[in-house]
Amino acid sequence: MSTTRPYSPGDRGPESGDGGASGASGDGVTPGDGASRGGVTVPSAGRQARRLSFDGESGVVPLARDFARQALYAWGWLPAASADRRAAAEDVLLVVSELVTNACLHAEGPDELWIACDSKVLRVEVSDRGTGQPAPRTPHRAGRPGGHGMFIVQRLCLDWGVVRTPGVAGKTVWAELGAPA
């Protein structure tokens, strides 16, 4: 399902204490989400989060995948004990790659990657300064190279969307994946 809702169904937005992208404070810490700058995780009420700034970085796609992989190890998604758990972790890494790649190709590059999880959902957010609107290409042509990023995100995720803050350049593209059983 593709959407431009800033929050997933059932999420009431920043006032719910969820810690979505538009609820982030200027110091990089979102109240209640347990996140902090520099990739440090501070758990809060069963929710764990990590944030990575791409400021001055090169090779951002592999950097983002490595960062996400480290988070998955820290949160117990890896090493995977079963094929289903391994597939869930690989789906997260693929979604991270696709969102960061899209920010590189269609915006001015990514600004920040934020990953958070609780016992049910893992949320990935990639912020950039681009003005474009991500969307799966229609019609999707499976045999052609390129143009599959948002189609992949749509297929692998429970939901995804875009957050724009009025008066601020750019956007945050978010996607949510189900935690492995």
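Above this text is the structure in question.
Residues numbered from 1 in each chain as written. Predicted model: local features only at pLDDT ≥ 70, side-chain atom pairs only at ≥ 80, totals over all residues. Heavy atoms only, no water.

1. Section: the sheet that holds strand 4 (residues 159–163)
Backbone-to-backbone hydrogen bonds pair the strands of a sheet. The strands run either parallel or antiparallel. Read across the sheet, 5 strands follow the order 1-2-3-5-4 without closing on themselves; strand pairing throughout is antiparallel. Unpaired on one side and paired on the other, strand 1 (48–53) and strand 4 mark the two borders of the sheet. Averaged over all pairs of adjacent strands, the angle between strand axes in this sheet comes to 15°, irrespective of strand direction. Across 8 bridges, strand 3 (residues 121–128) lies against strand 5 (residues 171–178) in antiparallel orientation. Bridging from a neighbouring strand, Ser127 pairs with Thr172 of strand 5. In this fold helix 2 (residues 83–106) packs onto strand 2 (110–117), strand 3 and strand 5, with an angle of close to 15° to the strand it touches most, strand 3. (Pairing = 2+ DSSP bridges. Helix = DSSP H or I, 4+ residues; strand = E, 2+ residues; numbered from the N terminus. Axes fitted to C-alpha atoms, helices over the stretch in contact; angles between N-to-C directions. Contact = heavy atoms within 4.5 Å.)

2. Some remarks on the side chain of Glu98
The topology assignment puts Glu98 in helix 2. No salt bridge is formed by the buried Glu98, whose closest oppositely charged neighbour, Arg65, lies at an N-O distance of 7.7 Å. Excluding residues that lie within four positions of it along the chain, Glu98 makes contacts with Gly149, Ile152 and Val153. (Buried < 20%, exposed > 50% of the residue type's maximum accessible area, 1.4 Å probe, protein only. Lys, Arg positive; Asp, Glu negative; His and termini not counted. Salt bridge = Lys/Arg side-chain N within 4 Å of Asp/Glu carboxyl O.)

3. Some remarks on the packing of helix 2 against helix 3 (residues 149–156)
Where helix 2 contacts helix 3, the two axes come as close as 9 Å, and the packing angle between them is 145°. Seen along the crossing, helix 2 lies across helix 3 with a hand that is left-handed. Packed against helix 2, whose contacting residues are Asp91, Leu94, Val95, Glu98, Leu99 and Asn102, the element helix 3 presents Gly149, Met150, Ile152, Val153 and Leu156 at the interface. Counted by class, the contact of helix 2 with helix 3 contains 7 nonpolar, 2 polar and 2 charged residues. (Left-handed = near helix turned anticlockwise from the far one by under 90°. Nonpolar A, V, L, I, M, F, W, Y, C, P; charged D, E, K, R; others polar.)

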